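Remarks on the overall topology
One-letter residues, chain by chain:
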Amino acid sequence: MEAGAPIGASPPSAAIVTSGLTKRFRGGQVAVDALDLTVPRGSVFGFLGPNGSGKTTTIRMLLGLVAPTEGECSLLGLSRAEALPRVGALVEGPAFYPYLSGEANLRRFDAADPTAPAGTARQRIGQALDRVGLSAAAGKRYRNYSLGMRQRLAIAAALLGPRELLILDEPTNGLDPQGTREVRALVKEIAAAGTTVFVSSHLLAEVEQMCTHAAIMRTGQLVAQGTMASLSGGRATRVRIDTPDAAEAARVLTGLGLADVRVGDDVSATLEGHAPEKVNAALVGEGVAVRGFAVVRPSLEDVFVGLTGEGFDVDG
Amino acid sequence: MSTAESTEARTRRTPGLVPVAETLSSAERRPAEPVPPLPPARRPWAFWRLLGSELELTFKRPRNLAMLAVVACVPVIVGITLWIVAGDEAMGGLVADVAGNSLMLTFASFSFLVLLLMPITVSVVAGDSIAGEAGAGTLRYLLAAPAGRTRLLAVKYLNAVVYGYAVTAVVALSALVTGLILFPAGPMTLLSGSTVSMAEGLTRILISVGYVGAGMAALAAVAMALSVFTEVPIGAIAGTMVLVIVCQVLRAIPQLSALEPYLLPSRFTSFDAVLRSPIDTGALMSGLVTFGAYITLSLTIAWAHFSGKDITA
Ligand SMILES: Nc1ncnc2c1ncn2[C@@H]1O[C@H](COP(=O)(O)OP(=O)(O)OP(=O)(O)O)[C@@H](O)[C@H]1O
Ligand SMILES: [Mg+2]
């Protein structure tokens, strides 16, 4: 072990731990209710919930902007002052100085971080702008940025230093489809480099595409958390076959041991552990004319609706 | 950390042991994460870097520069007006004093500005300090950076003090230049009738700048204390101005004369102590003590509230 080994290097287990985290606002509104959340290091963690379910309030508590009424939370297993310089954050949309350029704005926030070396500021700001594709607009005043450019600048601000954890509150809000894809790619790239990403969203499809883990909130309470696989674990993967020989196909599927065979516009059944390619081969082997063959994984939306019961409405 | 450990950790999580469906989306197969870097150390110049950023923001902002330009114009206007009316031999008092010596315009300008216009400029900058950041939402990003609440408050206050001194210095410089152009230079006659050399006069101007600036620093502290309570900068600015005006009204009520020494604006005008012979250091000192008391009280209130405040904007 070399002498320069990190002292008290944060435990490798969890990037975020909250226990009994509760926020009751003045006026009695309970925004977050006894939240026990564990975000493993290295995960891309989706934090899902309908509008008003307490996602932003939780993030504010993690960052020390709002004091919890009860319970506690820790980032990277460190004290908040030690942890925050290693955490990049995007909270409830971008906020910058309208009369400054994008670059000057980043310089401002970099100056606020007591651990950021001033000497490399220029280079780090350039890299951050480059990563979000804003280099060309770096000198433009923030006032004149479009919504998507503002969102990108906010992400750039979260990437100013080497980060161990990124906390992103609805990072794709206001982005065009191209921008949304870029953010998703960026998140994957950042995660691949070992940074834990905690991303709140109410876009189920987005979380499904980006995340390895997820938690689902509803009216301040956690209704589920775990790996994507475990979250969808309760629901089986189905095959769907588009065929003119529906009855024959159904017979073959039943014969193979697939369950819950349904015949409608197409024929579908739960896979029950069978390899989809074998199922397809069997169908073709039995002379079924297969026009289309699809493996349908349970979507997070199904899971979500199953858990919350009533879809994505704002509760209280 | 030793590489042996992390290799071991990796082999323990053999991908093959995890169900295929799960490995697709779970983090289990992620390579062992890089050893966390050393805890980032606080940079020794961090405080000054943030203060520099704050000053840059303040002194590049068009609004603040416009206010400096306005206070710079007032001595010029006052000087020209007095220069015109001074042609009339019958004028005495202030007009005669100013017209008689180029340095006197500085004191005349202070007495015109110190009760309203200079307090406005300082309350705009200090009242906006926290409330403006909160209202714009930039406060949450500064604190997440993490700027640190106490550190941010200190930087914001020092910045407002520097701006207050800048306003005071701009008034003095503008008055000095205007005075030197319009009125005769030379030994200055004090209020008590005695005369001091020009060099001595300039020293006394410097002392009055120091004193008036300290008064502005006290006002800035009051404006900061209001600033932490709101997310609407105009609220903190207007609140400070209302306090200044209420004080003027209270001063004007003879029955309340006992209150007068404790009111901030009464102390602003004490800079004329430098026009006595010798300088009335007693008046200056008691003014400075009052300023110190206001600064201590206001900053304590600001800190007590801000350090535990929920930042929800
Ligand atoms: N400052 C506040 N005072 C009182 N109630 C608040 C405050 N901030 C938030 N709330 C309430 O707390 C609840 C959670 O709000 P929060 O902003 O955390 O939701 P969210 O999950 O981020 O929603 P969205 O998806 O719309 O961003 C809401 O009911 C909201 O009205
Ligand atoms: Mg939110």
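Thresholds, definitions, all that
Numbering of residues begins from 1 in every chain and follows the order in which that chain's sequence is written. Key to labels: chains lettered from A, ligands numbered from 1, both in the order written. With pLDDT at 70 or above as the cut-off, local features in this predicted model cover only qualifying residues; side-chain atom pairs require 80 or more to be listed or tallied, and sums for whole chains, interfaces and linings still use all residues. Heavy atoms from the whole structure form the basis of all side-chain values; hydrogens and water molecules are not counted. Note on conventions: DSSP H or I runs of at least 4 residues are helices, E runs of at least 2 residues are strands, and numbering of each starts at the N terminus. Only heavy atoms enter the contact rule, under which two residues are in contact if any of them lie within 4.5 Å. UniProt positions are given in the numbering used here, feature names are shortened, and annotations may be inferred rather than shown by experiment. Summary of the distance rule: residues count as near a molecule or strand when at least one heavy atom falls within 4 Å of that molecule or strand. Distance and chemistry together define a polar contact, namely a pair of N or O atoms within 3.5 Å, with one atom able to donate a hydrogen and the other to accept it when in protein, and with adjacent residues in sequence counting only for side-chain atoms on both sides. Computed with a 1.4 Å probe, the accessible areas rest on the Shrake-Rupley method; for each residue, only the protein chains presented here act as cover. Nonpolar residues are Ala, Val, Leu, Ile, Met, Phe, Trp, Tyr, Cys and Pro. Charged residues are Asp, Glu, Lys and Arg, and all others, Gly as well, are polar. Categorising residues by exposure relies on relative accessible area from a 1.4 Å probe, with only protein chains included: less than 20% of the type maximum marks a residue as buried, more than 50% marks it as exposed, and the intermediate range marks it as partly exposed. Any two strands with at least two DSSP bridges between them are considered paired. Note on geometry: axes are lines fitted to C-alpha atoms, helical ones only across the stretch in contact, with angles between N-to-C directions running from 0 to 180 degrees.

Residue and element names in this part refer to chain A. Secondary-structure assignment places I59 in helix α1 (residues 55-62). In sequence terms I59 and G46 are 13 residues apart; their C-alpha atoms lie 13 Å from each other. In this structure, I59 is in contact with V91, I167, D169, F198 and S200, ignoring residues within four places of it in sequence.

All names here are of chain B. Residues given the UniProt feature "transmembrane region" (unreviewed entry) here are residues 65-86, 98-118, 160-185, 205-226, 233-253 and 283-306. Note that residues 65-86 is 95% helix and 0% strand, and that its end C-alpha atoms are spaced 32 Å apart. When the span residues 160-185 is considered, its composition is 88% helix and 0% strand, and the gap between its end C-alpha atoms is 34 Å.

The next subject is the site of ligand 1. Taken together, 15 residues lie around ligand 1, and N51, G52, K55, T56 and T57 of chain A are the ones closest in. Neighbouring residues of ligand 1 are distributed over chains A and B. The contact in question runs from an oxygen atom of ligand 1 to an N or O atom on the side chain of T57 of chain A, over 2.6 Å. Residue E170 of chain A places a side-chain N or O atom 3.2 Å away from an oxygen atom belonging to ligand 1. Out of a free accessible area of 640 Å², ligand 1 has 70% covered by protein chains. Ranked by the residues each element gives to the shell around ligand 1, the list is headed by α1 of chain A, at 3 residues. When its residues are assigned to classes, the shell around ligand 1 shows 3 nonpolar, 10 polar and 2 charged.

As a further point, take unusual backbone geometry. Here the bond from A145 of chain B into P146 of chain B is cis, since omega is 5°, no more than 30 degrees from zero. Relative to the helices and strands, P146 of chain B resides in the loop between α8 (138-144) and α9 (149-182). Note that the residue after S277 of chain B, namely P278 of chain B, is joined by a cis bond; omega there is -5°. Position of P278 of chain B relative to the elements: it lies in the loop between α12 (264-268) and α13 (281-306). Backbone geometry places D260 of chain A, a non-glycine residue, at a positive phi of 50°. Here D260 of chain A is to be found in strand β11 (residues 259-263). Among the residues examined, D260 of chain A registers a relative accessible area of 39% and is labelled partly exposed.

Residue and element names in this part refer to chain A. Spatially, 4 strands are ordered β11-β12-β10-β13 in an open sheet, and the strand pairing comes out antiparallel. Among the strands making up the open sheet, the edge pair consists of β11 and β13 (292-296). Recorded for the sheet is a direction-independent mean angle of 15° between the axes of neighbouring strands. Taken together, the 5 bridges between strand β10 (residues 238-242) and β13 define a ladder with antiparallel strand orientation. Within β13, the position partnered with I241 by the bridge is F293. Each of β10 and β13 touches helix α10 (residues 276-285); the most contacted strand, β13, lies at about 155° to it.

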